[in-house]
Amino acid sequence: MSYFGEFKDLIQEGDLALVWISRDNIKPITVDSKEFFNTRYGSFPHRDMIGKPYGSQIAIRTKGSNKFAFIHVLQPTPELWTLSLPHRTQIVYTPDSSYIMERLNCGPNSNVIEAGTGSGSFSHAFARNVKHLYSFEFHEARYNQAKEEFEKHGLINIENNVTITHRDVCESGFTIKKGDVTSNQFKDDEEYVNLEANAIFLDLPAPWEALPHLDTVISKDESVGLCCFSPCIEQVDKTIEAMEKNGWINIQMVEIQSKQYESRRQMIRTLDDALERLRDIKSHKLEGVARRKREFENMINEEKKLDTNANKIDKKDISTQTEKPTSKKAQNNRPIIAKTKFNPFGKGSRVREGDTNFQWKQVSKVETEIKSHTSYLTFAFKTITNTRDEELFQKELEFTTSKPSSHKK
Ligand SMILES: C[S@@+](CC[C@H](N)C(=O)[O-])C[C@H]1O[C@@H](n2cnc3c(N)ncnc32)[C@H](O)[C@@H]1O
């Protein structure tokens, strides 16, 4: 089983762990007892994490204050990796990848082709769920980075359920043979890899160029699913044309719009509330005008008094005596206005959500920050061998007809 799919209880030296700072700030670390995880709130020693269960909260005292700063140390999963990985390209996020795997019937018997590998976001999700992933990337640096990462994460290991190949799939197709730049370990008598793919995912700028190469590497005896991931509708149009030309059927285009809803109560505001609010604003306005007038008159009076006194004192004392009323002083003279009672339109004292003195209705609030790379997903299916296996069919028929029907009385 791959490292990403292997659950462990305790954090250990050398582990790849994900540090959760906030929902949109998750950082990967390799646990090393001599290292620190630095944040703007302070440094978290890795040694404080070792031996603690995954999911633990680690706290430190913040610099120069008596407060605490917290992080949580989590075990990597494909979903968390997607949120924390170093981006080398645009990536596929979980709302899309989970839907695609479901539509392509991915499971423990699936052999999947993925092109291109990019940042390996989707590769991690595929690797956990399928029998074998064949991933292709034509950018040399990205191929090397992804290969190294897959090895480190245990995706390319003894069980070997991921193969990554350096290849331009539009030009050279998907066949993997001895001598190719690939992570595949060929046996002595092996010349080719028999891909027998039954699910294909193409995240390429021109999937219509790669599509004609698929027939030689897909499984012949079952329905094979294909999904092309393209941001522009013009690309979708070209892809559909190529799918139809190459015998792919049941073509359907889908776009995932992921939204999260939060259920909460909202106060019901009536017309009477609105009228009361308007009266409130009007009275505040009048109070304000009267107050400012009073403050101005006070200031003039103070100045007059000071002028009279100034005639009686020495010149050298002037600087200490001529202090005009400051705004602070004016503020101190301000009449204390009684705190307004709650108004249901915003300002005023706070009311706890659901307070039984008010009326509430149930609403849903949309969270806008869910990450998803908006692209069109074009699905199609193909079965190469459509001829009936007569022998198998007869056997099935005999078996079905020989069974006593549960409907017969
Ligand atoms: C958008 S990224 C894929 C992101 C990936 N699905 C993920 O979730 O991280 C597209 C990748 O396809 C690669 N690519 C583009 N054309 C290719 C081709 N003809 N053959 C192989 N890889 C190709 C690019 O180098 C790039 O890394």
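What you see is a predicted model, and the numbers here were worked out from it, not measured in a lab.

Enquirer: Tell me about the overall build of the chain, and please be specific about residues and values.
Expert: Regarding its fold elements, the chain presents eleven helices and 15 strands. In the chain, once contacts between residues fewer than 6 apart in sequence are set aside, the share between residues at least 24 apart is 63%.

Enquirer: Now, about helix H7 (residues 233-245): what can you tell me, with residues and values included?
Expert: Compared with the 18 Å implied by 1.5 Å per residue over 13 residues, the 18 Å span of H7 between its first and last C-alpha is a close match. Here H7 has its buried residues at Gln-235, Val-236, Thr-239, Ala-242 and Met-243. All buried residues of H7 project into a common sector of 130° when viewed along the axis, lining one side. Across from the buried face of H7, at angles greater than 90 degrees, the exposed residues are Glu-234, Asp-237, Glu-244 and Lys-245. Looking at the buried side of H7, the elements it contacts are helix H6 (207-210), strand E11 (224-230), strand E12 (249-255) and strand E15 (376-382). Two residues or fewer after H7 comes Gly-247, characterised by a positive phi angle close to 80°.

Enquirer: Lay out the packing of aromatic side chains with the relevant residues and their values.
Expert: The final tally for this structure, using the stated rule, is six aromatic pairs. Measuring from ring centre to ring centre gives 5.9 Å for Tyr-99 and Phe-379, while their planes differ by 75°; the resulting arrangement is edge-to-face. Pair noted here: Tyr-99 is in helix H2 (residues 94-103) and Phe-379 is in strand E15, with a separation of 280 residues, a long-range link. The partly exposed category is assigned to Tyr-99, whose relative accessible area is 23%. Of the residues examined, Phe-379 reaches a relative accessible area of 0% and is grouped as buried. Look at Phe-136 and Phe-174: their rings are 5.4 Å apart centre to centre, the planes differ by 85°, and that puts the pair in the edge-to-face class.

Enquirer: Which residues make up the sheet that holds strand E6 (residues 68-74), and what are the values?
Expert: If you trace the four strands from one edge of the open sheet to the other, you get E2-E1-E6-E5, paired in antiparallel fashion. Unpaired on one side and paired on the other, strand E2 (25-30) and strand E5 (57-61) mark the two borders of the sheet. Averaged over all neighbouring strand pairs, the angle between strand axes comes to 30°, with direction disregarded. Bridge count between strand E1 (residues 16-22) and E6: three bridges; the pairing is antiparallel. Across the sheet, the residue bridging to Leu-18 is Leu-74, located in E6.

Enquirer: Can you tell me about the side chain of Gln-235, naming the residues and giving the values?
Expert: With respect to the secondary-structure elements, Gln-235 resides in helix H7. Here Gln-235 falls in the buried class, since its relative accessible area comes to 13%. Polar contacts involving the side chain of Gln-235 include one to the main-chain amide nitrogen of Cys-232, which spans 3.0 Å. The contact partners of Gln-235, leaving out residues within four places of it in the chain, are Pro-205, Trp-208 and Ser-230.

Enquirer: I'd love a proper account of the pairing of strand E4 (residues 42-45), names of residues and values included.
Expert: Bridge analysis of strand E3 (residues 36-39) against E4 gives four bridges, and the strand direction is antiparallel. When the bridges of E4 are listed, Asn-38 appears paired with Ser-43. Taking the residues that link successive antiparallel strands as the turn, the E3-E4 hairpin has two residues.

Enquirer: Quick one: what's the story with the pairing of E15, residue by residue and with numbers?
Expert: Burial analysis of E15 places six of its seven residues in the buried class, which makes it a mostly covered element. In the sheet, E11 pairs with E15 via seven bridges, with the strands oriented antiparallel. The residue of E15 that forms the bridge with Phe-229 is Leu-377. Bridge count between E12 and E15: five bridges; the pairing is antiparallel. Residue pairing for E15: Ile-249 is matched across the bridge by Phe-381.

Enquirer: Which residues make up the environment of Arg-265, and what values go with them?
Expert: By the element assignment, Arg-265 lies in strand E13 (residues 260-267). Not counting residues within four places of it along the chain, the set of residues in contact with Arg-265 comprises Glu-353, Gly-354, Trp-360, Lys-361, Gln-362 and Val-363.

Enquirer: Give me the nonpolar core: which residues, what numbers.
Expert: Among the nonpolar cores identified, the biggest contains 38 residues, and Ile-100, Cys-106, Phe-122, Phe-126, Phe-201 and Phe-379 are the most heavily contacted of them. With four residues, the single largest contributor to this core is helix H3 (residues 121-129). Each of domain 1 (3-76) and domain 2 (80-260) contributes no fewer than three residues to this core. Ignoring sequence-local partners within four residues, the contact set of Phe-122 consists of Val-92, Ser-97, Ile-100, Met-101, Glu-114 and Phe-201. If you look at the next biggest cluster of nonpolar residues, it comprises 28 residues, including Ala-197, Leu-202, Ala-210 and Val-224.

Enquirer: Explain the pattern of salt bridges to me, and be specific about the residues and the numbers.
Expert: Across all of its chains, the model carries eleven salt bridges by this definition. Residues Lys-34 and Asp-32 are paired through a salt bridge, measuring 3.9 Å at the closest nitrogen-oxygen approach. Looking at Lys-34, the relative accessible area reads 67%, which means it is exposed. Here Asp-32 falls in the partly exposed class, since its relative accessible area comes to 23%.

Rules used in this analysis
- Residues numbered from 1 in each chain as written.
- Predicted model: local features only at pLDDT ≥ 70, side-chain atom pairs only at ≥ 80, totals over all residues.
- Heavy atoms only, no water.
- Helix = DSSP H or I, 4+ residues; strand = E, 2+ residues; numbered from the N terminus.
- Contact = heavy atoms within 4.5 Å.
- Expected span 1.5 Å × (residues − 1).
- Buried < 20%, exposed > 50% of the residue type's maximum accessible area, 1.4 Å probe, protein only.
- Arc of directions from axis to C-beta.
- Phe/Tyr/Trp six-rings, centres within 6.5 Å; stacked < 30°, edge-to-face > 60°.
- Pairing = 2+ DSSP bridges.
- Axes fitted to C-alpha atoms, helices over the stretch in contact; angles between N-to-C directions.
- Polar contact = N/O pair within 3.5 Å; in protein donor to acceptor, adjacent residues only side chain to side chain.
- Core = buried A, V, L, I, M, F, W, Y, C linked by side-chain atoms within 4.5 Å.
- Domains from an automatic or database assignment.
- Salt bridge = Lys/Arg side-chain N within 4 Å of Asp/Glu carboxyl O.

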